[in-house]
Number of protein chains: 2
Amino acid sequence: MVEGDGLNGLELRSRISGDGMLELSLREATVPEPAPDEIIVRVEATPINPSDIGVLLGPAALDAAEFSGTAARPVVRAPVSAAALPAIAARLDASLPVGNEGAGTVVRAGTDAVDLLGKQVAVFGGAMWAQYRRAKMTECLVLPEGTTPRDGASWYVNPMTALGFVETMRQEGHTALVHTAAASNLGQMLNRICRADGIGLVNIVRNPQQEALLRGQGARHVVDSSAPDFTAVLTAALAETGATLGFDAVGGGPLAGQILAAMEAAARQSASGYNHYGSDRHKQVYLYGRLNTGPTTFERGPIGFAWGLGGWLLMPTLKKLGAATEARLRARVAADLKTTFASHYTAEISLAETLQPETMRAYCRRATGEKFLILPQQGLG
Amino acid sequence: MVEGDGLNGLELRSRISGDGMLELSLREATVPEPAPDEIIVRVEATPINPSDIGVLLGPAALDAAEFSGTAARPVVRAPVSAAALPAIAARLDASLPVGNEGAGTVVRAGTDAVDLLGKQVAVFGGAMWAQYRRAKMTECLVLPEGTTPRDGASWYVNPMTALGFVETMRQEGHTALVHTAAASNLGQMLNRICRADGIGLVNIVRNPQQEALLRGQGARHVVDSSAPDFTAVLTAALAETGATLGFDAVGGGPLAGQILAAMEAAARQSASGYNHYGSDRHKQVYLYGRLNTGPTTFERGPIGFAWGLGGWLLMPTLKKLGAATEARLRARVAADLKTTFASHYTAEISLAETLQPETMRAYCRRATGEKFLILPQQGLG
């Protein structure tokens, strides 16, 4: 163990006051020396995921944000409507760290973890938008030879989510998948997994450019929801793949219901005889994202009675799948970080730039395929 | 076995032609002699359930119906829009019998069923809106001493549905229930079951009269969705009962989502610490009816991620529960047909009256608490 009094570094914090004001800032903090089973990681790369933005902003209105402070120590304030406060009562006046995942170099290690000193590791578990992060050994993945922290920063959220979709499919007795916002980093990853595993995948995208991108990556079924024949093409792809399980990142609007209706239409094509209640083939769509925060609407006539909609979250899913399954999935991710599970970034930014107006507006758009990587050791004033 | 050439009688038929015209009529038909394990029942009472109306009318527009024929042999014709035809392709040009359940007297019996001759039985399985119905012995329930066909006509759909709700609750790990349109015959029955079994039940009704009716029947939690404090009262009732499973007969509109949101609000009251994704307590609402045929809408912000919506149907549920469970439920119904499982009827009508304009408009309103009983041996011209 390397002796010392801890390490000083910057970390990004989000706080919503009891009277409804969000404040984002960088603060200098001391990371205490690690316990015997802990390490301290110098964080070198950490991505901005949609789930991070949820913690970062809460229900605050970015449009009304005020930017102050200095370039090196920016401060962002934005109001939260009084109506939104009860739902977040438990976080009010608490200073929250941000950042689900990232990677870097082990610079301190507890007595049980000395073998990790100097190694490059990926970490999951929050508080990664910081220069240093104390972590349990068990929260880490040692990066394979030749894999950098940039390669390993997005090792958990997207890879485990995409693999989680496939495991959910198997566990619930489905044999093929539908995915929306399919041109996203996550969608491209799911396409690579399904191609590798021989799983039928219907990719729903929102424009011809996204369709071209996925077809260029070997996707067989790509359906453009902006095309006039969307419903017919979707139904044909569902009939061909037999997909009865969908994962929807959009959430709001009619899309999830349209998928259920097309699944039912595909099921009725192969059904024999008339059933007033529709086909008895169970059709399920999980909403895992909120790209559209408006209300979700669906018609029941076209979907029959054998259907389900539900929320889907990674952590409860992994808990249900069990530790052995999670270990198997992690090992697969580690082996293929630079291929199947590679992420692509729109830009690399510093911790301070994370709180600059244009940058914030860019990543808060959550545009499909756009993804930012924070390099916490860069751009320090 | 009683020898003969079958029995002649009237039966009500529904047919939708390939070019989109619904025709309802009575026809004279010969019910053939029973096989060894079959009986012929002279049907004396058979109810009109919402599920029967679905088969009767399909997607036809009753507002545009034309009534012809005679009082004894009425004929109803109503158009079906071309857009609705593909979904019912499998029933086009087929003459369908109607009527899920009913009761009467055994007037013919196969060699294995002679013990049933002269007995009063209840039957489930379709084609009950008729004067005679051939049935397998196993489709019948012998009515207990002192129980008439009128008492036993609604022995299956509502009783098994209400008991099915409770079985689903137990199987999926919930401990209390929410029910909408709770002043219906089914709702009153569910209230009696939950009182008998000590199960917490939150009854959602649509006006103060319905609230008074259920309170008069000993219901503890009755919430009026037309009251200004609906959400607050609902949330308090959910918190007190711990109900995390709802059965919704309305289907369309915001109600199912409001129930999920109130369940989540109740869960957050007892949660410790902040979870950006909402409570981890699973909340489920099943849509089993379509009193509102409009689109279903819900907001995801107030419901978190641990939620599900789904269709619910009696027959697949019973299949999943297994034959032993179904037998247990049937026995319970038989024992309590005149108390817990009693139905109340707005009017008793003949087969011919079932196709009269005013009568049809009345039962097609599907007004809560209104229910019609057909007496097929009455009013024969």
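Residues numbered from 1 in each chain as written. Chains lettered and ligands numbered in written order. Predicted model: local features only at pLDDT ≥ 70, side-chain atom pairs only at ≥ 80, totals over all residues. Heavy atoms only, no water.

Topic: the relation of the copies chain B and chain A
Each of the two chain copies goes to the other by way of a rotation about an axis and a shift along it.
Part 1 of the reasoning: Between chain B and chain A, the superposition needs a rotation of 180° and an axial shift of 0.1 Å, giving an RMSD of 0.0 Å. Considering both components of the superposition, the chain copies are consistent with a two-fold axis. Proximity to the rotation axis, assessed at the C-alpha, singles out Thr297(B) in chain B; its C-alpha lies 2.2 Å from the axis.
Part 2 of the reasoning: Most of the interface of chain B is mirrored in chain A, where 100% of its interface residues are also at the interface. (Least-squares fit on C-alpha atoms with pLDDT ≥ 70 in both. Contact = heavy atoms within 4.5 Å.)

What to know about the side chain of Thr354(A)
Residues and elements named next belong to chain A.
Part 1 of the reasoning: Tracing the sequence through the fold places Thr 354 in the loop between strand S19 (347-349) and helix H10 (357-364).
Part 2 of the reasoning: On the basis of relative accessible area, Thr 354 is assigned to the buried category, the value being 0%.
Part 3 of the reasoning: Apart from residues lying up to four places away in sequence, Thr 354 is in contact with Leu 12, Ile 48, Trp 129, Ile 349, Met 360, Tyr 363 and Ile 374. (Helix = DSSP H or I, 4+ residues; strand = E, 2+ residues; numbered from the N terminus. Buried < 20%, exposed > 50% of the residue type's maximum accessible area, 1.4 Å probe, protein only.)

Quick notes on the pattern of salt bridges
Side-chain pairing between opposite charges can occur once the charged atoms of the two side chains come close.
Part 1 of the reasoning: Under the criterion given, the structure shown has 42 salt bridges over all chains.
Part 2 of the reasoning: Arg15(B) serves as the salt-bridge partner of Asp93(B), at 3.4 Å between the closest nitrogen and oxygen. Note that Asp93(B) is positioned in the loop between strand S5 (74-79) and strand S6 (95-97) and Arg15(B) in strand S1 (residues 7-16), a separation of 78 residues in sequence.
Part 3 of the reasoning: Look at the salt bridges and you will find they share partners, linking Asp37(A), Glu38(A), Arg134(A) and Lys136(A) into a network. (Salt bridge = Lys/Arg side-chain N within 4 Å of Asp/Glu carboxyl O.)

Some remarks on the pairing of strand S18 (residues 307-311) of chain B
Residues and elements named next belong to chain B.
Part 1 of the reasoning: In terms of burial, S18 is largely enclosed, as 5 of its 5 residues are buried.
Part 2 of the reasoning: Burial along S18 is two-sided: Trp 307, Leu 309 and Gly 311 and Gly 308 and Gly 310, pointing in opposite directions, are all buried.
Part 3 of the reasoning: Taken together, the 5 bridges between strand S16 (residues 283-287) and S18 define a ladder with parallel strand orientation. When the bridges of S18 are listed, Gln 284 appears paired with Gly 308. (Pairing = 2+ DSSP bridges.)

As for the packing of helix H3 (residues 157-171) of chain B against helix H8 (residues 314-321) of chain B
Residues and elements named next belong to chain B.
Part 1 of the reasoning: Between H3 and H8, the shortest axis-to-axis distance is 10 Å and the interhelical angle comes to 50°. On the basis of the axis angle, H3 is oblique to H8. You can see that H3 and H8 cross each other, and the crossing is left-handed. Contacts from Val 157, Met 160, Thr 161, Glu 167, Thr 168 and Gln 171 of H3 reach H8 at Leu 314, Thr 317, Leu 318 and Leu 321.
Part 2 of the reasoning: Looking at the contact of H3 with H8, its residues break down into 5 nonpolar, 4 polar and 1 charged. (Axes fitted to C-alpha atoms, helices over the stretch in contact; angles between N-to-C directions. Parallel < 35°, antiparallel > 145°, perpendicular 65-115°, else oblique. Left-handed = near helix turned anticlockwise from the far one by under 90°. Nonpolar A, V, L, I, M, F, W, Y, C, P; charged D, E, K, R; others polar.)

Side note on the interface of chain B and chain A
Part 1 of the reasoning: Chain B puts 38 residues into the contact, and the matching count from chain A is 38 residues.
Part 2 of the reasoning: Here chain B meets chain A over a buried area of about 3,100 Å², counting both sides, of which 62% is carbon and sulfur.
Part 3 of the reasoning: Here chain B and chain A share 0 salt bridges between them.
Part 4 of the reasoning: Our enumeration of links across chain B and chain A arrives at 11 residue pairs in polar contact (both at pLDDT 80 or more). (Buried area = accessible area lost by both parts, 1.4 Å probe. Polar contact = N/O pair within 3.5 Å; in protein donor to acceptor, adjacent residues only side chain to side chain.)

Considering the packing of aromatic side chains
Part 1 of the reasoning: The final tally for this structure, using the stated rule, is 21 aromatic pairs over all chains.
Part 2 of the reasoning: Ring centres 5.6 Å apart and planes at 80° place the aromatic pair Phe247(A) and Trp312(A) in the edge-to-face group. Taken together, the positions of Phe247(A) in strand S14 (residues 245-248) and Trp312(A) in the loop between strand S18 (307-311) and helix H8 (314-321) put the pair 65 residues apart, joining distant regions of the chain. Like Trp312(A), Phe247(A) is buried.
Part 3 of the reasoning: Considering the side-chain rings of Phe165(B) and Tyr288(B), the 4.9 Å spacing of their centres and the 65° angle between planes classify their relative orientation as edge-to-face. One end of the pair, Phe165(B), is in helix H3; the other, Tyr288(B), is in the loop between S16 and strand S17 (292-298), with 123 residues separating them in the sequence. (Phe/Tyr/Trp six-rings, centres within 6.5 Å; stacked < 30°, edge-to-face > 60°.)

Observations regarding the sheet that holds S1(B)
Residue and element names in this part refer to chain B.
Part 1 of the reasoning: The 5 strands are arranged S4-S5-S2-S1-S6 in an open sheet whose pairing can be described as antiparallel. A single partner strand is all that each edge strand has here, and the edge strands are strand S4 (66-69) and S6. Across the sheet, the mean angle separating the axes of adjacent strands is 35° when strand polarity is ignored.
Part 2 of the reasoning: One ladder, built from 3 bridges, connects S1 with S6; its direction is antiparallel. Bridge assignment links Ser 14 to a residue of S6, and that residue is Leu 96.

Quick word on the environment of Asp224(A)
All names here are of chain A.
Part 1 of the reasoning: Relative to the helices and strands, Asp 224 is located in strand S13 (residues 221-224).
Part 2 of the reasoning: In this structure Asp 224 comes out as buried when scored by relative accessible area, which is 8%.
Part 3 of the reasoning: In the structure, Asp 224 is positioned 21 residues away from Asn 203 in sequence and 8.5 Å away in space, judged by C-alpha atoms.
Part 4 of the reasoning: Once residues lying within four places of it in the same chain are set aside, the contact partners of Asp 224 are Val 205, Arg 206, Asn 207, Pro 208, Glu 211 and Phe 230.
Part 5 of the reasoning: Within the local environment of Asp 224, its side chain forms a polar contact with the backbone nitrogen of Asn 207, the two atoms lying 3.4 Å apart.
Part 6 of the reasoning: Engagement of the side chain of Asp 224 in a polar contact is seen with the side chain of Ser 226, the distance being 2.7 Å.

Considerations on H8(A)
Count 3.6 residues to each turn of an α-helix, and residues three or four apart come out pointing the same way.
All names here are of chain A.
Part 1 of the reasoning: When H8 is considered as a whole, its buried residues turn out to be Leu 314, Thr 317, Leu 318 and Leu 321. Here the buried residues of H8 occupy an arc of 100° about the axis, which is enough to place them on one side. Pointing more than 90 degrees away from the buried face of H8 are the exposed residues Lys 319 and Lys 320.
Part 2 of the reasoning: The inward-facing, buried residues of H8 contact helix H3 (157-171) and helix H9 (323-335). (Arc of directions from axis to C-beta.)

So, the environment of Ala271(A)
Part 1 of the reasoning: Secondary-structure assignment places Ala271(A) in the loop between helix H7 (255-270) and strand S16 (283-287).
Part 2 of the reasoning: Sequence separation of Ala271(A) and Asn207(A) is 64 residues, and the distance between their C-alpha atoms is 33 Å.

Some words on the domain arrangement of chain A
All names here are of chain A.
Part 1 of the reasoning: The domain boundaries assigned to chain A delineate domain 1 (7-154 + 343-374) and domain 2 (157-318).
Part 2 of the reasoning: The straight-line distance from the C-alpha centre of domain 1 to that of domain 2 is 31 Å.
Part 3 of the reasoning: Contacts between the two partners involve 12 residues from domain 1 and, on the opposite side, 12 residues from domain 2.
Part 4 of the reasoning: Buried surface at the junction of domain 1 and domain 2, both sides included, amounts to about 940 Å², of which 50% is carbon and sulfur.
Part 5 of the reasoning: Linking domain 1 to domain 2 there are 0 salt bridges.
Part 6 of the reasoning: At the surface where domain 1 touches domain 2, the tally comes to 2 residue pairs in polar contact (both at pLDDT 80 or more).
Part 7 of the reasoning: Broken down by class, the residue content of the side of domain 1 that touches domain 2 amounts to 1 nonpolar, 8 polar and 3 charged. (Domains from an automatic or database assignment.)

Quick word on the nonpolar core
Part 1 of the reasoning: Ranked by size, the top nonpolar core spans 48 residues in total, and within it Leu234(A), Leu238(A), Leu309(A), Leu234(B), Leu238(B) and Leu309(B) carry the most contacts.
Part 2 of the reasoning: Excluding anything up to four places from it in sequence, Leu234(A) contacts Val202(A), Ile204(A), Val223(A), Gln258(A), Ile259(A) and Ala262(A). (Core = buried A, V, L, I, M, F, W, Y, C linked by side-chain atoms within 4.5 Å.)

Notes on the pairing of S16(B)
Side-chain direction in a regular strand flips from residue to residue, so the side chains alternate between the two faces of the sheet.
Residue and element names in this part refer to chain B.
Part 1 of the reasoning: When you tally the buried positions in S16, you get 5 out of 5 residues, the bulk of the element.
Part 2 of the reasoning: Judged from the 4 bridges that link them, strand S14 (residues 245-248) and S16 form a sheet pairing that is parallel. Its bridge partner lying in S16, Leu 245 is registered against Gln 284.

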